[in-house]
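A look at the structure
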Amino acid sequence: MKKLILPLLFLLGLSAYNVAEGPDYTDIQELRKLYSSGDASKWPTAELHESIDKSKFQDIGVLPAVPYPAYNPYSKEKESLGKILFFDPRLSRSGQIACASCHNPELGWTDNLTRSFGHDRQTGKRNSMTILNSAYATSLFWDGRASSLEDQAQFPVADPLEMNEKLTIAVDKIAKIKGYNSLFTAAFGDKKVTLERIQYAIATFERSINSPKSKFDQFVSGKSEIYTDQQVKGLHLFRTKAQCINCHNTPYFSDNQFHNDGQTLFGTKNEDFGRYNVTKDVKDIGKFRTPTLREVVNTKPWMHHGHFPTLLDVVELYNLGNPSPVQKKYLGTARDSLIPKSDPMLKKLDLSKEEISDLLAFIETLSTPTRRIIYPEMPK
C-alpha cells in the first residue's frame, strides 16, 4: 500500500514528508521553506550537546535593537564625541596610536594582523577582536576582563604594549585641547573632561558600529530565494551535524561564554591560559570568549592567536575534534596541574568535503561588504 501512496505524494508536492516520520530534512526545498518562513519555531530542532541548558538556549536569528545601558543612554552628541576620541592618537603616549589603529573600519574594524603592533612597534599577545556588533557582547577581550564597553575603553590606553599612557595624563592631554570644549559641553552639559566621560563617549560610539542586514538576515526574514541550495544546506549543518550552534548561538552568533577549544598551545612560546589569567580558577585554563561569527569573513586571521589564515583551516580543525596534544615531558612535573582540559563538546565531526564547503558557504552569508566611513577632523 505504501508503494502506491508515495508516488501520489510526489504528485501532490508532498515529497518532503516521510509518511511515517514527518518532515524530511534531506530535502533542500523543504529546508528552504522552513528556514525562510520568518518563524524560527518552524525550524528543525537544533542538535545541542548534552551540557547545553536547553531552557536557556537562544537560537540564531536577526539582531534586535542595540541595547544602551541606563547609566549611559544614547545621544548623537555623545556618539560624535566618542568617534573623534576613537580616532585621536593623542590618547597614546607616542601621539601616534589611536583605538582605530587596531580597529580599522576598512579592515572589518580590526587590523587583519596575526597580532597588533603597539607602542614602539611592540607586538601584542593576542589577535585584535573586531568591535563590530560589540554592543551585544556581555564581556570584552578574549579573556573577558572588561565587563562592559565603558570598562573596556580604558584598557588599551594604559596597556604598555598598546597606547602606553597613564590614564591621568591621557585625560589631561584631552582637557588641554580647546577644540574639545564644545564637544564635551554638547555631550555632557559642560566642558569638564574626565576619564569616565571619555569612556562613556567611546562606548557610545562603539555601540553604533553594527552590521547592516546580511544575506542570512534577509533569508530567515522571508527572502527565500536569496540563498543557494549550498547555503541552505550549510545553515542546516551549522545547527545540526557540524555542532557550531553549541557555542555560536543567539542572533549575535556567540553564546558570550568561555570555552577551551584546544588552542592553549601549552608548553610553547605562544602558551596562553586565557580566562584563567583573570579568574585564577584552574577550571578556566585555556578558556576564551566565543567570538561572534557575524562579519567573520572580514576579520581574518582567526582564533585568539591569529594563527589561522583561512576559515577552511578553522573548520578543518573542528572537524578533527580540535586535537591538542601535550608534550610528554610535562606529564608528572610541577606543571602537570596546569595542563588544560578541552571542552567536552569537542569531538570529531566526520564532515565530508562537500559538507565543509556547504558550511563555509553559509558562514560567508553572515558577512557584509566593507563600508567606508568619514574620518573625523581632530580638534585643535
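Residues numbered from 1 in each chain as written. Predicted model: local features only at pLDDT ≥ 70, side-chain atom pairs only at ≥ 80, totals over all residues. Heavy atoms only, no water.

Digging into the UniProt feature "binding site: heme c 2" (unreviewed entry) in the protein chain
This chain's UniProt record puts "binding site: heme c 2" (unreviewed entry) on Cys244, Cys247 and His248. Along the polypeptide, Cys244 turns up in the loop between helix 11 (229-239) and strand 3 (258-260). Since its relative accessible area comes to 16%, Cys244 is described here as buried. Residues in contact with Cys244, not counting those within four places in the same chain, are Phe238 and Leu359. Here His248 lies in the loop between helix 11 and strand 3. (UniProt positions renumbered as here; feature names shortened; annotations may be inferred. Helix = DSSP H or I, 4+ residues; strand = E, 2+ residues; numbered from the N terminus. Buried < 20%, exposed > 50% of the residue type's maximum accessible area, 1.4 Å probe, protein only. Contact = heavy atoms within 4.5 Å.)

Examining unusual backbone geometry
Comment: phi is negative for the bulk of residues other than glycine, and the bulk of peptide bonds are trans. Put simply, Lys300 and Pro301 share a cis peptide bond, and its omega is -15°. Note that Pro301 resides in the loop between strand 4 (287-289) and helix 13 (311-319). The backbone of Asn133 sits at a positive phi, close to 65°, despite the residue not being glycine. Here Asn133 is to be found in the loop between helix 4 (99-102) and helix 5 (149-152). Of note in this structure, Asn322 is not a glycine but carries a positive phi near 55°. Accessibility expressed as a relative area gives 2% for Asn322, which makes it buried.

A word on the side chain of Ser36
Tracing the backbone through its elements, the reader meets Ser36 in the loop between helix 2 (28-35) and helix 3 (76-87). Note on Ser36: relative accessible area 8%, which makes it buried. Here the side chain of Ser36 touches Arg32 through a polar contact of 2.5 Å, landing on its backbone oxygen. (Polar contact = N/O pair within 3.5 Å; in protein donor to acceptor, adjacent residues only side chain to side chain.)

Quick look at the domain arrangement of the protein chain
Per the domain assignment, the segments making up the protein chain are domain 1 (28-37 + 59-65 + 213-365) and domain 2 (76-208). A straight line from the C-alpha centre of domain 1 to that of domain 2 covers 28 Å. Between domain 1 and domain 2, the residue contacts involve 26 residues of the former and 24 residues of the latter. For the pair domain 1 and domain 2, the two sides together bury roughly 2100 Å², of which 54% comes from carbon and sulfur. Summed over the three residues of domain 1 that lose the most area to domain 2, namely Tyr252, Arg289 and His304, the buried surface amounts to 25% of that side. (Domains from an automatic or database assignment. Buried area = accessible area lost by both parts, 1.4 Å probe.)

What about the environment of Phe141?
Inspection of the secondary structure puts Phe141 in the loop between helix 4 and helix 5. Given the relative accessible area of 17%, Phe141 is considered buried. Not counting residues within four places of it along the chain, the set of residues in contact with Phe141 comprises Met129, Ala146, Gln152, Phe155, Pro156 and Arg289.

Notes on the layout of surface pockets
The volume enclosed by the second largest pocket comes to roughly 340 Å³. Forming the walls of the second largest pocket are 18 residues, and the residues nearest its centre are Lys56, Gln58, Asn249, Thr250 and Asp255. Residues belonging to the lining of the second largest pocket are distributed by class as follows: 7 nonpolar, 8 polar and 3 charged. (1 Å grid on protein atoms, 1.4 Å probe; cavity = no way out; pocket = protein on both sides within 12 Å on 5 of 7 lines; lining within 4 Å. Points joined across faces, edges and corners; volume = space filled by probe spheres on them. Nonpolar A, V, L, I, M, F, W, Y, C, P; charged D, E, K, R; others polar.)

Considerations on the packing of aromatic side chains
Two aromatic rings are characterised by how far apart their centres lie and by the angle between their planes. Per the counting criterion, the structure on display carries 21 aromatic pairs. Between Tyr180 and Phe184, the aromatic rings sit 5.9 Å apart at their centres with planes inclined by 65°, giving edge-to-face as the arrangement. Here Tyr180 and Phe184 have matching classes, each one buried. Centroid distance Phe216 to Phe362: 6.0 Å. Interplanar angle 75°. Geometry classified as edge-to-face. In this pair, Phe216 is assigned in helix 10 (residues 215-220) and Phe362 in helix 14 (residues 353-364), connecting sequence segments 146 residues apart. Residue Phe362 is classed as buried on the basis of its relative accessible area of 0%. One cation-aromatic arrangement involves Arg121 over Phe117; the distance from NZ or CZ to the ring centre is 3.9 Å. The ring of Tyr276 has Lys280 sitting right over it, with the charged end atom 5.6 Å from the ring centre. (Phe/Tyr/Trp six-rings, centres within 6.5 Å; stacked < 30°, edge-to-face > 60°. Lys NZ or Arg CZ within 6 Å of the ring centre and 35° of its normal.)

Things to note about the confidence of the model for the protein chain
Scored by pLDDT, the protein chain comes out at a mean of 92, with 94% of its residues at no less than 70. In the predicted structure, residues 1-20 sits below a pLDDT of 50 and forms 18 contacts with residues beyond four places in sequence or in another chain. (pLDDT = per-residue confidence, 0-100.)

A closer look at the nonpolar core
Residues Ile60, Phe216, Leu235, Phe238, Phe253, Leu359 and Phe362 are the most contacted members of the largest nonpolar core, which totals 39 residues. Of the residues forming this core, the biggest block, 5 residues, is contributed by helix 14. Ignoring sequence-local partners within four residues, the contact set of Phe253 consists of Ile60, Gly61, Phe216, Phe238, His248, Pro291, Thr292, Leu293, Arg294, Phe362 and Leu366. Judged by nonpolar contacts, the second largest core, of 28 residues, contains Leu85, Leu91, Ile131 and Ile202. (Core = buried A, V, L, I, M, F, W, Y, C linked by side-chain atoms within 4.5 Å.)

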